[in-house]
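Spelled out, the chains give:
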Amino acid sequence: MSAATGPAQLPLRLKMFHGLGSIAYGVKDNGFSTFLLLFYNQVLGMDAKLVSFALMLALVLDAFVDPVIGYLSDQTHTRWGRRLPWLYLAPIPLAFAWFALWTPDTDAAPGFWHLVIVAVIVRSLVSCCEVPSVALLPELTRDYDERTTLMRYRYLFGWAGGLLMLFLAYDVFLAKSLLAAEGYYQYGVFGGLLMAATVLISAAGQHRWAARWPARKPSVFSIGTAFREIRESLSHPAFLVLLAAGAIAYTSQGITFSISNYLYLFIWRFSPEAFMIYPWVLFASVVGTFLLVGPAHRRFGKRTTAIAGGLIGMGFWVTPFVLRHLGLWPAEGSAASTTGLFIFFFLANLFSVSVMISGGSMIADIVEASEVQTGRRSEGTFFAGNFFMQKCATGLGIFATGLLVDLAGIPEKADPARVPEAVIDNFSFYYCVLVILCAILSALIFRHYPINREDHEARVAALAAAETGAER
């Protein structure tokens, strides 16, 4: 089955296997965005600014690797297709690198360059798994709605992987304390095994659909040709709009993920029971998004869904912070406070995730728009370019979190109960201002995305007609 000739409706098992491959990315995101700053700062004693700068530098360095991986994936020419060889080779080294990230020498604070190097290796190996995996999506179908369905499964499994690790961290590995070093060792072992297993199973499950000689032979490789083709693909106007809007959205997400444990510990005073329940609240919201975003795309289109989702999600997210600032929120740590937070955070995440799913599905549609102009299918290059943006933006978000922690005056190895209320108020205020500004700017840029359903279906029909004519 090919994208050009295969049925629009894909088998459920193919969708499941395709989505399974994103679990590794979800595990990585959970670790880097939720626990790594806390682990190296509060457990190992590294300065928060130094940790956040190291993680940002690692993200930026690794981000430049992504377009190369995407391009090489597009140029791979084997009887197993362009993507599967990558998915069979990268997972095992990734497992070992992930384990190394969470097992530094705990007798002294790790060195800056140690953290940078290990983080770059981990992220590059994740890219070797994730870029070819998601690049399979436009190859499996050209249907406007089926692409959304595949992206829904990717996000469902990706969030499931991240939230499984979050649940195990709060309930098993770090149940006694978020500041216990031995819990992070267990976290690293389990995470590495999970990442390797799911990528390998996903590749094997898609083998019968993806293992074929590519329709077109790659161009003769040269450094000049590679950079010219990468630049030509990534300069497509629709892709530049998505890059700009996504950069702001992912910066905001990077801030929120990396700051989350600080929010729950220092502002909202979560109990151990709240930490146990919270991952299930988030997963329920992602299931809600999975059910919501398909009908939303069919009725409103991908662009409108992304704009509305970002603004509505931001509104629900910041409301508890605003009410707390006005003195209208229940006492932090109380059952009423935690229950209210779960309701607002459920709704906020439900709408916010729809932005990311919409953006991923939009990128798949840009593949044909670019093919019309260049004559090449550059799925790997486009999705790698998107990861380039995500990593730079997430790195900026993590760096901004380190600055916020330092600006607010939260010290290393702080006791949440002893931090002055004025420090917490400033911390909350700075964070909310950033989140609101990012949501508004991202929505304004998304308005300029030019591809709708009619445009896409006309291009697919034209390309199919051209392929049929060429075969005659």
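Heads up: these notes are all about the structure in this document. Along each chain, numbering runs from 1 in the same order as the chain's sequence is written. Selection of residues for local features in this predicted model requires a pLDDT of at least 70, selection of side-chain atom pairs for listing and counting requires 80 or more, and totals for whole chains, interfaces and linings are taken over all residues. The side-chain quantities take in all heavy atoms of the structure and omit both hydrogens and water.

Topic: the overall build of the protein
Secondary structure elements follow DSSP: runs of H or I no shorter than four residues count as helices, runs of E no shorter than two count as strands, and numbering proceeds from the N terminus. A tally of regular secondary structure across the protein gives 17 helices and zero strands. Taking 2.2 N^0.38 as the reference for a compact globule, 472 residues should give roughly 23 Å; the C-alpha atoms of the protein span a radius of gyration of 22 Å, in line with that estimate. In terms of its C-alpha atoms, the protein occupies a principal-axis envelope of roughly 75 × 45 × 40 Å. Only protein chains enter the area calculation, which uses a 1.4 Å probe; residues under 20% of their type maximum are buried, those over 50% are exposed, and those in between are partly exposed. For the protein, buried positions account for 59% of its 472 residues. As presented, the protein carries roughly 18,400 Å² of accessible surface, and 68% of it is formed by carbon and sulfur atoms. Side-chain charges of the protein comprise 34 positive and 32 negative groups, with the mean position of each set lying 8 Å from the other. To get the radius of gyration, use the C-alpha atoms; to get the globule rule, take the number of residues to the power 0.38 and multiply by 2.2 Å. Calculation of accessible area relied on Shrake-Rupley with a 1.4 Å probe; when residues are assessed, cover is drawn exclusively from the protein chains displayed. Charge counting follows a simple rule: Lys and Arg are positive, Asp and Glu are negative, and His as well as the terminal groups are ignored. Charge positions are represented by NZ for Lys, CZ for Arg, CG for Asp and CD for Glu.

Topic: the side chain of Asp 74
Relative to the helices and strands, Asp 74 is located in helix H4 (residues 65–75). For this analysis, a polar contact is any N or O atom pair within 3.5 Å, provided that within protein one partner can donate a hydrogen and the other can accept it, and provided that sequence-adjacent residues contribute only side-chain to side-chain pairs. For Asp 74, the side chain forms a polar contact with the side chain of Thr 381, separated by 2.7 Å. Here, two residues are considered to be in contact whenever any of their heavy atoms come within 4.5 Å of each other. Contacts of Asp 74, omitting those with residues within four sequence positions, involve Arg 82, Arg 83, Arg 377, Ser 378, Glu 379, Gly 380 and Thr 381.

A closer look at the pattern of salt bridges
The salt bridge definition used is simple: a Lys or Arg side-chain nitrogen within 4 Å of an Asp or Glu carboxyl oxygen. Considering all chains together, one arrives at 24 salt bridges under this definition. Between Arg 83 and Asp 74 there is a salt bridge; the shortest N-O distance is 3.0 Å. You'll find Arg 83 and Asp 74 in the same group, each marked buried. Measuring nitrogen to oxygen at the nearest pair gives 3.4 Å for the salt bridge that ties Glu 379 to Arg 83. With Glu 379 in helix H15 (residues 379–408) and Arg 83 in the loop between H4 and helix H5 (84–89), this pair connects stretches of sequence that are 296 residues apart. Assigned by exposure class, Glu 379 and Arg 83 land together as buried. Each of Asp 74, Arg 82, Arg 83, Glu 139, Arg 142, Arg 147, Lys 302, Asp 365, Glu 368, Glu 371, Arg 377 and Glu 379 takes part in salt bridges that share partners, so that together they form one network.

A short note on a nonpolar patch on the surface
Taken together, the side chains of Leu 311, Ile 436, Ile 440, Leu 441 and Leu 444 present a nonpolar region at the surface, about 390 Å² in accessible area. Considering every element that reaches the nonpolar patch, the biggest residue donor is helix H16 (residues 421–446), with four residues. Within the secondary structure, Leu 441 sits in helix H16. By relative accessible area, Leu 441 is classed as partly exposed at 45%. Only residues whose relative accessible area exceeds 30% and that form no salt bridge enter a patch; like-charged residues are grouped when within 9 Å of one another, and nonpolar side chains (Val, Leu, Ile, Met, Phe, Trp, Tyr) when within 5 Å.

Brief notes about the packing of aromatic side chains
For this analysis, a ring pair means two rings from Phe, Tyr or Trp (six-membered ring only for Trp) whose centres lie within 6.5 Å, classed as stacked if their planes differ by under 30 degrees, edge-to-face if by over 60, and tilted for the remaining angles. Applying the stated rule across the entire model yields 43 aromatic pairs. Ring geometry for Phe 173 and Tyr 187: centres 6.5 Å apart, planes at 90°, overall edge-to-face. In this pair, Phe 173 is assigned in helix H8 (residues 144–173) and Tyr 187 in helix H9 (residues 181–210), connecting sequence segments 14 residues apart. Both residues of the pair, Phe 173 and Tyr 187, count as buried. Lysine and arginine charges are scored as sitting over a ring when NZ or CZ, respectively, is within 6 Å of the ring centre and within 35 degrees of the ring normal. Positioned above the aromatic ring of Tyr 25, the side-chain terminus of Lys 28 is 3.9 Å from the ring centre. Sitting over the face of the ring of Tyr 144, Lys 302 holds its NZ or CZ atom 3.8 Å from the ring centroid.

Side note on empty space enclosed by the protein
Points on a 1 Å grid over protein atoms alone make up a cavity when a 1.4 Å probe fits among them but cannot get out, and a pocket when they form an open set with protein on both sides within 12 Å along at least five of seven lines; lining residues each have an atom within 4 Å of a point. Grid points are joined across faces, edges and corners, and a volume is the space filled by probe spheres set on the points. For the structure shown, the criterion picks out three cavities of 30 Å³ or more. Put simply, the second largest cavity is a space of about 120 Å³. In this structure, the second largest cavity is lined by 14 residues; those nearest its centre are Gly 246, Tyr 250, Gly 359, Gly 360 and Asn 386. Secondary structure elements with two or more residues in the lining of the second largest cavity: helix H11 (237–267), helix H14 (335–374) and H15. Tallying contributions element by element places H14 first for the lining of the second largest cavity, with five residues. Gly is placed with the polar residues, together with every amino acid not listed as nonpolar (Ala, Val, Leu, Ile, Met, Phe, Trp, Tyr, Cys and Pro) or charged (Asp, Glu, Lys and Arg). Looking at the lining of the second largest cavity residue by residue, the classes come out as nine nonpolar, five polar and no charged.

Thoughts on the environment of Phe 316
Tracing the backbone shows Phe 316 in helix H13 (residues 302–325). Residues Phe 316 and Ser 177 lie 139 residues apart in sequence; the distance between their C-alpha atoms is 30 Å. Apart from the residues within four sequence positions on either side, Phe 316 is in contact with Phe 344, Leu 347, Ala 348 and Phe 351.

What about H8?
Between its first and last C-alpha, H8 extends 42 Å over 30 residues, near the 44 Å set by a 1.5 Å rise per residue. Burial within H8 is extensive, with 25 of its 30 residues counted as buried. At the N-terminal end of H8, a side-chain oxygen is found 3.1 Å from the backbone nitrogen of Asp 145, two or three residues along, and the residue is Asp 143. Expected span of a helix: the number of residues minus one, times 1.5 Å.

Re the nonpolar core
Remark: nonpolar core denotes a set of buried residues (Ala, Val, Leu, Ile, Met, Phe, Trp, Tyr, Cys) joined through side-chain atoms within 4.5 Å. Formed by 146 residues in total, the largest nonpolar core has its most connected members in Phe 35, Leu 101, Leu 263, Tyr 264, Trp 268, Trp 317 and Phe 427. For this core, the element with the highest residue contribution is helix H7 (residues 112–140), accounting for 16 residues. In this view, Trp 317 contacts Thr 256, Leu 263, Tyr 264, Tyr 278, Phe 345, Ala 348, Tyr 431 and Val 435; residues no more than four positions away in its chain are not counted.

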